[in-house]
Amino acid sequence: MAGIVRKATSLLLLSLFLLPCLMNGKTALAATISATRSWCVSMPGMTTEKLVANINYAYGSGLADCKAIQEDGPCYSTDVIKMASYAMNAYYYGAGHEEFNCYFDGSGLIVQHDPSYDDCTALAATISATRSWCVSKPGMTTEKLVANINYACGSGLADCKAIQEDGPCYSTDVIKMASYAMNAYYYGAGHEEFNCYFDSSGLIVQHDPSYDDCIYP
């Protein structure tokens, strides 16, 4: 009986913390691309001048790893469209994997099919290598986990709808709920290491923590 009371109390605390956060109705851009992988490529029909400008912008930003399109790289090509698409996608991921990072003055296009080709696997490898998630460290108290949920979902940067009671990531496991909220914040705030700090209770991992129908951004 005591265990049931404790569980009910924990769920009540969660609902009190989550309700005002989940009612804001905001949809993070990350949520629109969380269900599937996406890439940024050049729209068809762009001029060579525009393609070269996009390469220079992406490379010069400091956010895109363009080593693969150097002359000896696996993605180097005389086809400037392929070169531009690689650079634009590298920038898209490096800048935060949000829709506006693929704008490029209206010349970028988000696709769901992997544009890798021949020996140019670095495009997909770049995506894989840059993917990381923020989850709760083991051993955190329920109080800390709930505080992290409250902070993340109340920030306006995290889309926490998936952990509402009818959502695909709702769980009686507070660790799972906290990890989802922390990762949503990590993603929405910029995907930087310090965005997963949470007073030293966050942990960046390279394996996808998604489970069942619960897909993490």
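The coordinates are above.
Thresholds applied
All residue numbers refer to position in the chain's written sequence, counted from 1. Note on the predicted model: pLDDT of at least 70 is required for a residue's local features to be given, and 80 or more for side-chain atom pairs to be given and counted; whole-chain, interface and lining totals, by contrast, use all residues. Water and hydrogen atoms were dropped before computing side-chain values, which therefore reflect all heavy atoms in the structure. Only DSSP runs of H or I covering at least 4 residues are called helices, and only runs of E covering at least 2 are called strands; the numbering of each starts at the N terminus. Partly exposed residues are those whose accessible area sits between 20% and 50% of the maximum for their type, while under 20% is buried and over 50% is exposed, using a 1.4 Å probe and protein chains only. Any two residues having at least one pair of non-hydrogen atoms within 4.5 Å are treated as being in contact. Pairing of aromatic rings covers Phe, Tyr and the six-membered ring of Trp, with a centre-to-centre limit of 6.5 Å; geometry is then stacked below 30 degrees between planes, edge-to-face above 60, and tilted otherwise. The rule is short: NZ of Lys or CZ of Arg within 6 Å of the ring centre and within 35 degrees of the ring normal puts a charge over the ring. In this description, a nonpolar core means a group of buried Ala, Val, Leu, Ile, Met, Phe, Trp, Tyr and Cys residues linked to one another through side-chain atoms lying within 4.5 Å. Counted as salt bridges are all cases of a side-chain nitrogen of Lys or Arg within 4 Å of a carboxyl oxygen of Asp or Glu. Two cysteine sulfur atoms form a disulfide, by the criterion used here, when they sit within 2.5 Å.

**Some thoughts on the overall build of the chain**
Counting its secondary structure elements, the chain contains seven helices and four strands. Tracing the chain from N to C terminus, the helices and strands come up as α-α-β-α-α-β-α-β-α-α-β. Going through the 217 residues of the chain one by one, you find that 44% of them count as buried. Taking contacts inside the chain between residues at least 6 apart in sequence as the whole, the part at least 24 apart equals 74%.

**Topic: the packing of aromatic side chains**
Scanning the entire structure with this criterion turns up eight aromatic pairs. Here the aromatic cluster, defined as three or more aromatic residues joined through ring pairs, consists of Tyr57, Tyr91 and Phe104. Lys82 extends its terminal NZ or CZ atom over the ring of Tyr117, reaching a point 4.2 Å from the ring centre. The lysine or arginine in question, Lys176, covers the ring of Tyr211, its NZ or CZ lying 4.4 Å from the ring centre.

**What to know about unusual backbone geometry**
Backbone geometry places Asp118, a non-glycine residue, at a positive phi of 45 degrees. Assignment of secondary structure puts Asp118 in the loop between β2 (108-111) and α5 (122-130). We classify Asp118 as exposed; its relative accessible area is 72%. In this structure, His191 takes a positive phi of about 65 degrees despite not being glycine. Inspection of the secondary structure assignment puts His191 in the loop between α7 (174-189) and β4 (202-205).

**Details of the environment of Ile69**
Looking at the secondary structure, you find Ile69 in the loop between α3 (48-60) and α4 (80-94). Beyond its immediate chain neighbours, meaning those up to four positions away, Ile69 contacts Cys75, Tyr76, Met83, Tyr86 and Ala87.

**Quick word on the nonpolar core**
Formed by 28 residues in total, the largest nonpolar core has its most connected members in Ile149, Ile163, Tyr180 and Ala181. Breaking this core down by element, the ones donating at least two residues are β3 (133-136), α6 (142-154) and α7. If you look at the next biggest cluster of nonpolar residues, it comprises 21 residues, including Cys66, Ala68, Ala90 and Phe104.

**Comments concerning the pattern of salt bridges**
For the structure shown, the criterion picks out four salt bridges. Note that Asp65 is salt-bridged to Lys67, the shortest N-O span being 2.9 Å.

**Focus on the state of the cysteines**
Applying the stated criterion to the full structure yields five disulfides. Across the disulfide, Cys40 is cross-linked to Cys102 (sulfur-sulfur distance 2.0 Å). Because the torsion about its S-S bond is 85 degrees, the bridge between Cys40 and Cys102 counts as right-handed. Of this pair, Cys40 sits in strand β1 (residues 39-42) while Cys102 sits in the loop between α4 and β2, placing them 62 residues apart in sequence. Cys102 matches Cys40 in its accessibility class, with the two residues each being buried.

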